[in-house]
Each structure stands twice: as structure tokens, then as C-alpha cells.
Amino acid sequence: MATPLAPMFNSVGNDLTVLVFAPFGKDSTLIERVLQQSGINACAIPSFKELIRAVPENGGAVIISEEVLHHEAVDELAQKLATQPRWSDFPLIVLTGGGATTDTTELAVRSRAPLGNVALLERPLRPVTLISSVRGAIAARRRQYEIRDHLLERKRAEEALQRAHDVLESLVEERTAALRALSGKLLRVQDEERRRIARELHDSLGQYLAAAKINLNVVATAGGDGTLYIQEASQLIDRAIADTRTLSHLLHPPLLDEAGFASAARWYVEGFGKRSGIAATLDMPDNLRRLPSPIETALFRILQEALTNVHRHSKSPVVDVSLKTGAKSVTLIIKDKGRGIPRQVLEKFRKTGTNVGVGLAGIRERVKELDGTLKIDSSDAGTLLKAVIPVSVPEQREAGLPVLSPIYSSIVH
Ligand SMILES: Nc1ncnc2c1ncn2[C@@H]1O[C@H](COP(=O)(O)OP(=O)(O)OP(=O)(O)O)[C@@H](O)[C@H]1O
Ligand SMILES: [Mg+2]
């Protein structure tokens, strides 16, 4: 008796079901029983229509008797099998009449081409022949499913690779755009810096020297005792000298080259505290050894920019700077207790390196150049900027390191 169609068994892990369609006599029932007894899933199909519906997705093979394979049936079956994907070659076992060749046997043989993978099995059937043919067909089908799974896996891997490639490409694009933006900003900063130096020279040095000159002219033309004028001119020149020193040292502290980062940092943090009114502390090992010059310059510029940001943006009353040295790296931390970096600004900066000014982008580039890592934590309780820089920098990297121009805007007046 025919049993209802089994559910889909088309993955390699499951047993494949053999669909049996031999509607005359008891062939279906007998075949089903013999196969089931030898542990093969078999399912008799009640009608040709249902068989057409089931192949090729359901089942591992079909056993079909030649009596049902008239022209239209072959066409219909061939049409359905033509929808198979390329990896699939659905196995058909056609039961032929025994002995002399019948018309239908010939038809079955001729129909081999459109039906694809056809094997003929002569009746009367011997269980051992039936079972071995079916096992062979199912093994072949299972291999096809393995190929399908392999192809699927490969397709998935290719898609994953493509996705990774796309992500990488968009990251490169974003990064290139960020660098382009940074270099544009750097040019603007350079202009701004020149303007400020010009203003500084004009407004302080220029004014002091002009006033001193007036005093000296008065003495020269009026004659007599010009002591007071000369004293005042001397004071003005002193101020001009002091301002020249400050200006020049802030642009590039000679201490940095001569005595190293430790001295320059002490001088700068102390001056920053005085100029900004922010209580600034510095925690550094007493006997800090000299570091390679690109690292000292980078640390100093990072310190300058981070402190300028604290002054310009944080509203923090305090800032703590610390420098820690390990066997392989130095760590610079600048921590304030201000209002923090706006969340969206920080998130975008973390993801793409954009959305900030020259300051943070410049810090990031400097750290990257030295193969270091930059971490910025920020909340409404304050900001912590931590730069870790490896100290064993390869020689050629040191030599070829591009040093960004000093940023005058980081001077706090
Ligand atoms: N310590 C801080 N506390 C609060 N906000 C900060 C702090 N540091 C940076 N920010 C925020 O991050 C933004 C980006 O800083 P960044 O230094 O890159 O640019 P900027 O200071 O605005 O301009 P510049 O290009 O002159 O440095 C700032 O505009 C500010 O909103
Ligand atoms: Mg800044």
C-alpha cells in the first residue's frame, strides 16, 4: 500500500528516501518492503502527478516502472528534471520487463538522454540486485548533495570575502577622506598660525620696540638728562626680549632637544598652569632616560595639544599629566575633570577618525606613525587621553618620520 509522501530528505546528514512509482500489480508495495527491510528509506508514490511534484528536490532516487513512461510522461519528467541545478543529476531506476525488449523498454533506453541519470533494472527483480542498485543510486545522490554543500560553502566564503573586502574598501575610503581633510585643515592651521605670529610680533614686540625708540629719540633730540627715558626704554626692551623668548620657546622649546622630554614637559606644564589658571600636576619618573627624538617630539606635541584642549573645551579646574615608562613602551596620560568630549564627536572619531579638529586627528596620526595606540575615554565627569608608544622604533622609521609643523594655536595665553 502506498504511504504518504515523506518529508524532504535532501541534506547529506539525513537518510535519503527512494521514491517508488510502480502502480501496476504489487510492485510498489513489494519494493518498498524489501528496501525498508534492508534499512533503506522507501516511499511508494500514489500518482505520477505527485511524483512530478516530488522530484528532484525530494528523495534520493526514483524507481519507476516502464509501463508508466509513455511519451508524454517522459516529456513531463524530463521537463521537471531540466530544472535541476548544475550539481544535481537525479538518479532514476527504470524497471523493465524481463526477457524480450518491449516498446516501453526501448522508449526508456531512448529517453535516457532527456531523463539524464537512468539505470535499467530487469524484472523479475532479485532483492540483492534491487538493493545494490538502489544503494549505488543513493550513494551517487549523496555525493551530489555533498558537492552542493561544498559549492554553497564556497559561495558563502566568497560572499564573506566580498563583504570583508567591501568593508575594508570603505574603511580605506573613509581613512583617505579623513587624511585629506586633515591635510586641508593643517594648511588652514598653518595660515592661522602665521597670522597669529604676525599679530604677536606686531602687537607686542613691535609696540615695545616702537615705544623704546620714541624714548631714545626724545633723549637724542632734547638732550639734557634723559635717565628716566632711557630707563623706561630699557624696561621696554626687556619685555620685548622676554616676549621673544616665550614666543620662540613655545613654538619649539630648545629644552626638548637639549634636555629631553622630561624637562620640556615640566617647563610646559608649569607654564600652562600659570597661563591658564588650571591646576596642573605632572607625575613622571625622576630619572627618565632620553627617548628617540621623534618620540620625544611626538609626546611633547601630544601634551601641548591635549592641554590646549583641556583649556579650550573642558572647563575643568584641574588636569593631571603622567608619564610612565615600561621596558618596551612609554605611556602618556592627560586626565581632566571637565565636561567631556561630546559623545557623537568621540564615537565618529573612534570609528572613522573624522569629525574632529586638527588636534585629535593630529594626535592620532602622530601615535600611529610610531606604531602606538591611542585611547580616549570621556564622559561628563572628564576626559582621559592615553597614548602608548613603543620605544623600540626601527631605525628607518625614525629617520623618515614626518614631523608636523609646530602648532602655534596650541599656545595658551
Ligand atoms: N579635554 C576635552 N574636554 C572636552 N571636550 C574636548 C576635549 N578635547 C577635545 N574636546 C572636543 O573634541 C573636539 C575635537 O578636538 P580637536 O582638538 O580635534 O579640535 P579643536 O580643539 O576643536 O580644534 P583644533 O583643530 O584647533 O585642535 C573639540 O572641538 C571639543 O569639542
Ligand atoms: Mg584642539
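Residues numbered from 1 in each chain as written. Chains lettered and ligands numbered in written order. Predicted model: local features only at pLDDT ≥ 70, side-chain atom pairs only at ≥ 80, totals over all residues. Heavy atoms only, no water.

Undergrad: In this structure, what is going on with the sheet that holds strand 3 (residues 61-65)? I would like to understand it.
TA: Hydrogen bonds between backbone groups are what pair the strands of a sheet, and the pairing can be parallel or antiparallel. One open sheet holds the five strands; their spatial order is 2-1-3-4-5, and the pairing between them is parallel. Each edge of the open sheet carries a strand with a single partner, namely strand 2 (42-44) and strand 5 (118-122). In this sheet, adjacent strand axes meet at a mean angle of 25° when their direction is disregarded. (Pairing = 2+ DSSP bridges. Helix = DSSP H or I, 4+ residues; strand = E, 2+ residues; numbered from the N terminus. Axes fitted to C-alpha atoms, helices over the stretch in contact; angles between N-to-C directions.)

Undergrad: What am I meant to see in a negative patch on the surface here?
TA: Residues Asp166, Glu169, Glu173 and Glu174 make up a contiguous surface patch of negative charge. Residue placement: aspartate 166 occurs in helix 6 (residues 127-222). (Patch = residues over 30% accessible without salt bridge, like charges linked within 9 Å, V, L, I, M, F, W, Y side chains within 5 Å. Areas by Shrake-Rupley, 256 points an atom, 1.4 Å probe, with all protein chains shown as cover. Salt bridge = Lys/Arg side-chain N within 4 Å of Asp/Glu carboxyl O. Lys, Arg positive; Asp, Glu negative; His and termini not counted. Charge placed at Lys NZ, Arg CZ, Asp CG, Glu CD.)

Undergrad: Mind showing me how you'd approach the site of ligand 1 here?
TA: Taken together, the neighbourhood of ligand 1 is formed by 15 residues, with Asn309, His313, Gly357, Val358 and Leu360 sitting nearest. Aspartate 336 is positioned with one of its side-chain polar atoms (N or O) 2.9 Å from a nitrogen atom of ligand 1. In isolation ligand 1 offers 600 Å² of accessible surface; the protein chains occlude 83% of this area. Of all elements in the fold, only helix 10 (293-314) and helix 12 (358-369) reach the threshold of two or more residues within the shell around ligand 1. If you tally residues by element for the shell around ligand 1, the top one is helix 10, at five residues. (Near = heavy atom within 4 Å. Polar contact = N/O pair within 3.5 Å; in protein donor to acceptor, adjacent residues only side chain to side chain.)

Undergrad: How should I be thinking about a nonpolar patch on the surface in this particular structure?
TA: Residues Val167, Leu168 and Leu171 make up a contiguous nonpolar surface patch of about 280 Å² in total accessible area. Following the sequence through the fold, leucine 171 ends up in helix 6. Classification of leucine 171 by relative accessible area gives partly exposed; the value is 41%. (Buried < 20%, exposed > 50% of the residue type's maximum accessible area, 1.4 Å probe, protein only.)

Undergrad: Explanation requested: unusual backbone geometry in the structure shown.
TA: Leave glycine aside and you will find that most residues have negative phi; peptide bonds, for their part, are mostly trans. Here valine 55 and proline 56 are connected by a cis peptide whose omega angle stands at 0°. Along the chain, proline 56 falls in the loop between helix 2 (48-54) and strand 3. Geometrically, the link from arginine 123 to proline 124 is a cis peptide bond, its omega value of -5° lying close to zero. Position of proline 124 relative to the elements: it lies in the loop between strand 5 and helix 6. In the Ramachandran plot, lysine 315 falls in the positive-phi region, its phi being about 65° despite a non-glycine side chain. Here lysine 315 is to be found in the loop between helix 10 and strand 7 (318-325). The residue aspartate 371 is not glycine, and still its phi comes out positive at about 60°. Judged by its relative accessible area of 48%, aspartate 371 is partly exposed.

Undergrad: Just to check I follow, could you spell out the coordination of the magnesium ion (ligand 2) for this structure?
TA: As a benchmark, a tetrahedral metal site with four donors has ideal angles of 109.5 degrees, while an octahedral site with six donors has ideal angles of 90 or 180 degrees. Here the magnesium ion (ligand 2) is held by Glu305 (OE) and Asn309 (OD1), and the distances to it run 2.1 Å. Separated by four residues within a single helix, glutamate 305 and asparagine 309 lie in helix 10, roughly one turn from each other. Taking the relative accessible area as the measure of exposure, asparagine 309 reaches 17% and is therefore buried. (Donors = N, O, S within 2.8 Å, 3.2 Å for Na, K, Ca; no water.)

Undergrad: So what exactly am I meant to see when it comes to the packing of helix 1 (residues 27-37) against helix 6 here?
TA: A packed helix pair is summarised by two numbers, namely the angle formed by the two axes and the spacing between the axes. Helix 6 packs onto helix 1 with a crossing angle of 70° between their chain directions and a minimal axis gap of 10 Å. One element, helix 1, and the other, helix 6, form an angle in the roughly perpendicular class. Mapping the contact onto sequence places Ile31, Val34 and Leu35 in helix 1 and Pro127, Leu130, Ile131 and Val134 in helix 6. (Parallel < 35°, antiparallel > 145°, perpendicular 65-115°, else oblique. Contact = heavy atoms within 4.5 Å.)

Undergrad: What exactly am I supposed to notice about helix 9 (residues 261-276) here?
TA: Helical geometry note: an α-helix holds 3.6 residues per turn, so side chains three or four residues apart project in the same direction. Taking 1.5 Å of rise per residue, the 16 residues of helix 9 would be expected to cover 22 Å, and the 21 Å separating its terminal C-alpha atoms lies within 8% of that figure. Those residues of helix 9 that sit buried are Phe261, Ala262, Ala264, Ala265, Tyr268, Val269, Gly271, Phe272, Gly273 and Ser276. Packing partners of the buried residues in helix 9 comprise helix 7 (227-251), helix 8 (254-258), strand 6 (279-283), helix 10, strand 7 and strand 8 (329-336). (Expected span 1.5 Å × (residues − 1).)

Undergrad: Whenever I open this one, the confidence of the model for the chain confuses me. Can you help?
TA: Interpretation of the predicted coordinates at a detailed level should be avoided for regions scoring low in pLDDT. Counting all residues, the mean pLDDT for the chain is 84, and 87% of those residues have values of 70 or more. Residue range residues 1-13 is modelled with pLDDT below 50. Its contacts to residues more than four positions away, or to other chains, number 31 contacts. Below a pLDDT of 50 lies the segment residues 393-413, which in the model reaches 43 contacts outside its immediate sequence neighbourhood of four places, other chains included. (pLDDT = per-residue confidence, 0-100.)

Undergrad: Hey, could you run me through the packing of aromatic side chains in this one?
TA: Any pair of aromatic rings gets described here by the distance separating the centres and the angle formed by the planes. Within this structure, the stated rule accounts for four aromatic pairs. Relative to phenylalanine 300, the ring of tyrosine 268 has its centre 5.5 Å away and its plane inclined at 75°; by these criteria the two rings are edge-to-face. Within this pair, whereas tyrosine 268 is found in helix 9, its partner phenylalanine 300 is found in helix 10, the two being separated by 32 residues in sequence. As far as burial versus exposure is concerned, tyrosine 268 and phenylalanine 300 are alike and both buried. Taken together, Trp267, Tyr268 and Phe300 form an aromatic cluster joined through their ring pairs. Lying across the ring of tyrosine 268, arginine 275 places its NZ or CZ 5.5 Å from the centre. Over the ring of phenylalanine 349 we find arginine 364; its NZ or CZ atom is 5.7 Å from the centre of that ring. (Phe/Tyr/Trp six-rings, centres within 6.5 Å; stacked < 30°, edge-to-face > 60°. Lys NZ or Arg CZ within 6 Å of the ring centre and 35° of its normal.)

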